[in-house]
Structure formats: structure tokens, C-alpha cells
Amino acid sequence: MSHLFTPFRAGSLSLGHRVVMAPLTRMRSSAGDRPNALMREYYSQRASKGGLIISEATPISRQGYGYAGAPGIYDDGQIEGWRAITDAVHERGGSIVMQLWHVGRQSHPDIQPNGEAPVAPSALQAEGYGYSTKGAVPFSMPRALERNEISAIVAAFGAGAARAKVAGFDGVEIHAANGYLPDQFLQDGTNHRADDYGGSIDNRARFLLEVTQAAIDAFGADRVGVRLSPSGTYGSMSDSDPQTTFGYAAARLDALGIAYLHVVEPRIRGTELIAETEPVAARHLRGIFRGTLIAAGGFDRNSAEAILSVGDADAVAFGRNFIANPDLPDRLRLRLPLNAYDRSTFYGGDARGYTDYPIHSRAA
Ligand code: FNR
């Protein structure tokens, strides 16, 4: 029996199947970081009746950028393009939430306003690359945020959530995974602060919880999700006690009554499978977070059915396979073969590798 094609709820979202489209940065926005008609086509192609799409990570401020070409939600001029996208998804019977993003230290002065240093909880540099308009740039040394700067960033998350609501989104997801700003505060490898945003686990979780609350204030808890990547190492992340850290975060998010928790398995480093292991992160947090849980990272049809059948998750998000298969829910339901993805067109470019993946012909 298939579990993937049964209905479920995530807060106020009533969904018809459990094949979720994972958030996927594709860097194809227009001038002013505005969403455009090409993006509308891409999302429309991937919408399905009863399906949930999580948008690509969307910066809530210019300071939150690490990847030029990502669409923003930091000014009102960006709302109209998003509205066209949410309308297209709704027309096809789907739901869409926006993933809200601030990269923190995963950036470079070339991508920052006025060529300033990126910001982080502490002045500790990550390994890896962001993308400026000129191409890949190594992450640079960040500046530690002053205590009195933090509330404005929290407010920007709230303002982003409010704009997403005006743009017709069904909810928002806080991007607290993959070593971005909320994750940098949460884990002790990147947070060496001595004030009330650092040190103890309740202090390190403060930023994540404040940002989540700001989104709740704008949208309602039943329309806010949070993405975490326990033990993920992407972005040079580390924690001395990840079980306790992420368990604490999950318990506090549970108490806020959010719509869902979205958990990336540590077998994935950013976008690459590093080990074929069982899903451990969802299993651990399932015992702590009582609401809807979405698992992600390296799933195929069989492993998705397996995690649903043991009850460690309520839905499964698919990333790379959704890039290459606009009709992924149909293909999984009908057990059709999948298109292969082309990594060279993941980040930036035009319609190639974006809207030209074929749907499966069922004419035969
Ligand atoms: C990603 N991923 C990602 N995650 C996230 O939270 N926000 C994002 O914007 C992105 N962007 C992104 C772009 C591209 C091109 C890829 C391939 C991946 C991670 C993604 O959501 C997912 O967790 C991973 O791809 C693992 O799932 P799959 O691909 O094994 O199903």
C-alpha cells in the first residue's frame, strides 16, 4: 500500500499527497531581485493538485544575500511577480509556501550592500562559495553582529512573512538549515557570543525562536514551518552536542505550535549525497516534535514510502528529482522512470535545465 498518495495536514494546509517539492535555489530572477514569467512557468509546471511546493530560499534583506539572482521579498516591488507565481500554483490546485532566508556569513562583500563584510553571530569564516554577478566568490570573514542590530533582522523576517502573505503564499518556512544565519546562532561551532544570544542552548536558540515568532505574528503559527539540518556540515557547521541542541530547538518549536518541522538528513551535504545511511535526524526529532514532520535528503520512492510507513515522517521533500521531473508526483504514483538531472544548470542561466525538462508522455 502506498502512503505517499494519501492526504495529510500541515497546520492549516490541507494537502492531497505527501510528495513535497523541496526549496531549490535556481538564481533566475530579474533586475531588482524580482520574480519573473520564467519562474512562474517553472513553478506552474511543478504544481500538482493537493501538492505542496516550498519556494526557493528568498532573502528578507539585501544583507541576507549570498547568491546573486535569488529572488527577494525585501521590498514591495517584488510582491507582484510572486503573486503571479502563487496564482499559477493555486490554479493547478497546489499550495506554496515561501522559504525565508538570511545567509549570514555565507556571503562576500561583492554581494553585500555597499561592499560591506557579511554578518554572523561571531567573526568566524566558513569554507565554500557564494555567487556574485561575476561568478563564484569564496565566503569571506564576517563581522560579528552587535547586540542592538539583531532586532532589525528579526523584524525583516517578519516583514518578509507579511509580504509573502500579501503575495498570496499559503505560508512561510524559516530557513534555519544548511549553515545560514539562524543555524549559525543555534550551533556552538559558529556562535561564540558572550551576550544573551550565545552560550547556553536557550540563548543560542533565541534568534531562531524570535524569527519564527515574527513570522507567526505575520501569518499565524498554523502557516509557519521551520527547516533544520541536524548534524549537517555544509557551511563549515559544527556543534559539540547536536542531539541536545536540535532536540531543544524542536521542543521549543513544538511549543510554538508551528505548522510543520522540515528536517534535512545529515547524509546530504548541501546538495550532494555523502553517505547511504538510514534517516536518523527525522527519527530523533519525531520523538520530540509532535506536529507534522517533513523529511528531506536523498529520498527515492522506496525510501520515502519506508519512512512514511514506519511513521518517522508525514511527508517527504524531493529536491534534485523535482528539478528534473516537473511531474514528479505523477511519476512516483504511476512508477514511471525519472529524467536525470543536469547539475551544470542548477544555479543560474535561462530556460535550459529549468523549464525544458519534459513531462512523461502517457499517450501510449
Ligand atoms: C538545494 N537545497 C536547498 N535547500 C534549502 O533549504 N533552500 C534552498 O534554497 C536550497 N537550494 C538548493 C538548490 C539546489 C540546486 C539543490 C540541488 C539543493 C537543498 C534541497 O532542498 C534538498 O535538501 C537537497 O537537494 C537534498 O534533497 P534531494 O535532492 O536528495 O531530494
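The model shown is predicted, which means the values in this text are computed figures rather than measured ones. (Residues numbered from 1 in each chain as written. Predicted model: local features only at pLDDT ≥ 70, side-chain atom pairs only at ≥ 80, totals over all residues. Heavy atoms only, no water.)

Trainee: Honestly, the overall build of the chain in this entry has me stumped. Any pointers?
Mentor: The number of helices and strands found in the chain is 11 helices and 16 strands. For the chain, the C-alpha atoms occupy an extent of roughly 65 × 45 × 35 Å along the three principal directions. Evaluated residue by residue, the chain yields a buried proportion of 58% over its 364 residues. When contacts within the chain are restricted to residue pairs at least 6 apart in sequence, long-range pairs at least 24 apart make up 70% of them. For the chain, the computed accessible surface area is about 13,800 Å², with 50% contributed by carbon and sulfur atoms. Where the 36 positive side-chain charges of the chain centre and where its 39 negative ones centre are 5 Å apart. (Helix = DSSP H or I, 4+ residues; strand = E, 2+ residues; numbered from the N terminus. Buried < 20%, exposed > 50% of the residue type's maximum accessible area, 1.4 Å probe, protein only. Contact = heavy atoms within 4.5 Å. Areas by Shrake-Rupley, 256 points an atom, 1.4 Å probe, with all protein chains shown as cover. Lys, Arg positive; Asp, Glu negative; His and termini not counted. Charge placed at Lys NZ, Arg CZ, Asp CG, Glu CD.)

Trainee: Explanation requested: the environment of proline 71 in the structure shown.
Mentor: Structurally, the position occupied by proline 71 is in the loop between β4 (52–59) and α2 (79–91). Separated by 245 residues in sequence, proline 71 and valine 316 place their C-alpha atoms 25 Å apart.

Trainee: Would you explain the packing of helix α1 (residues 37–46) against α2 in this entry?
Mentor: For any two helices packed against each other, the geometry comes down to the angle between their axes and how far apart the axes lie. At their nearest, the axes of α1 and α2 sit 9 Å apart, and the two run at 25° to each other. It follows from the interaxial angle that α1 and α2 lie roughly parallel. By crossing handedness, the relation of α1 to α2 is classed as right-handed. Mapping the contact onto sequence places Met39, Arg40, Tyr43 and Ser44 in α1 and Trp82, Ala84, Ile85, Ala88 and Val89 in α2. A class-by-class count of the residues in the contact of α1 with α2 yields seven nonpolar, one polar and one charged. (Axes fitted to C-alpha atoms, helices over the stretch in contact; angles between N-to-C directions. Parallel < 35°, antiparallel > 145°, perpendicular 65-115°, else oblique. Left-handed = near helix turned anticlockwise from the far one by under 90°. Nonpolar A, V, L, I, M, F, W, Y, C, P; charged D, E, K, R; others polar.)

Trainee: Can you walk me through the packing of aromatic side chains in this structure?
Mentor: To describe a pair of aromatic rings, you give the distance between the ring centres and the angle between the ring planes. The tally for this structure, following the rule as stated, stands at 13 aromatic pairs. Considering the side-chain rings of tyrosine 67 and tryptophan 101, the 5.4 Å spacing of their centres and the 15° angle between planes classify their relative orientation as stacked. In this pair, tyrosine 67 sits in the loop between β4 and α2 while tryptophan 101 sits in strand β5 (residues 95–101), placing the two residues 34 residues apart along the sequence. Neither residue differs from the other here; tyrosine 67 and tryptophan 101 are each classed as buried. Centroid distance tryptophan 101 to tyrosine 180: 5.3 Å. Interplanar angle 90°. Geometry classified as edge-to-face. Here the residue tryptophan 101 occupies a position in strand β5, and tyrosine 180 occupies one in the loop between β10 (171–176) and α4 (181–186), the gap between them amounting to 79 residues. The buried category is assigned to tryptophan 101, whose relative accessible area is 1%. (Phe/Tyr/Trp six-rings, centres within 6.5 Å; stacked < 30°, edge-to-face > 60°.)

Trainee: What exactly am I supposed to notice about the site of the ligand here?
Mentor: The ligand sits among 20 residues. The nearest are Thr25, Arg227, Gly298, Gly319 and Arg320. For the ligand, whose unbound accessible area comes to 610 Å², protein coverage reaches 97%. Here the shell around the ligand is built from residues that sort into nine nonpolar, nine polar and two charged. (Near = heavy atom within 4 Å.)

Trainee: Explanation requested: the side chain of arginine 163 in the structure shown.
Mentor: Among the structural elements, arginine 163 can be located in helix α3 (residues 150–166). For arginine 163, a relative accessible area of 18% corresponds to the buried category. Among residues more than four places away in sequence, those in contact with arginine 163 are Ile73, Tyr74, Asp75, Asp76 and Ile79.

Trainee: Explanation requested: the confidence of the model for the chain in the structure shown.
Mentor: For residues with low pLDDT, the predicted coordinates do not support detailed interpretation. Summing up the model confidence of the chain, the mean pLDDT is 96 and the portion of residues at 70 or higher is 99%. Of all secondary-structure elements in the chain, the lowest mean pLDDT belongs to strand β13 (residues 268–269), at 72, while β5 reaches the highest, 99. (pLDDT = per-residue confidence, 0-100.)

Trainee: I keep staring at unusual backbone geometry and nothing clicks. Help me out?
Mentor: Glycine aside, the phi torsion of most residues is negative, and most peptide linkages are trans. Even without being glycine, serine 231 reaches a positive phi, approximately 65°. Structurally, serine 231 is set in the loop between β11 (224–228) and α7 (242–256). By relative accessible area, serine 231 is classed as partly exposed at 37%. Its identity as a non-glycine residue notwithstanding, arginine 335 has a phi of 55°, on the positive side. Of note, arginine 335 is situated in the segment after α11 (328–334).

Trainee: Quick question: what am I supposed to make of the pattern of salt bridges here?
Mentor: Should their charged atoms come close, side chains of opposite charge can pair. By the definition in use, this model includes 14 salt bridges. For arginine 163, the salt bridge goes to aspartate 76, with nearest N and O atoms at 2.9 Å. Residue arginine 163 is located in helix α3, and its partner aspartate 76 is located in the loop between β4 and α2; the two are separated by 87 residues in the primary sequence. Owing to a relative accessible area of 55%, aspartate 76 belongs among the exposed residues under this scheme. Here arginine 143 ties to glutamate 149 by a salt bridge, and the two come within 2.9 Å at their closest N and O atoms. Of the residues examined, glutamate 149 reaches a relative accessible area of 22% and is grouped as partly exposed. (Salt bridge = Lys/Arg side-chain N within 4 Å of Asp/Glu carboxyl O.)

Trainee: What am I meant to see in the layout of surface pockets here?
Mentor: A probe matching the size of a water molecule, rolled over the atoms, marks out where space remains unfilled. Considered as a void within the structure, the second largest pocket measures approximately 160 Å³ in volume. Among the residues making up the lining of the second largest pocket, the classes are represented as three nonpolar, three polar and three charged. (1 Å grid on protein atoms, 1.4 Å probe; cavity = no way out; pocket = protein on both sides within 12 Å on 5 of 7 lines; lining within 4 Å. Points joined across faces, edges and corners; volume = space filled by probe spheres on them.)

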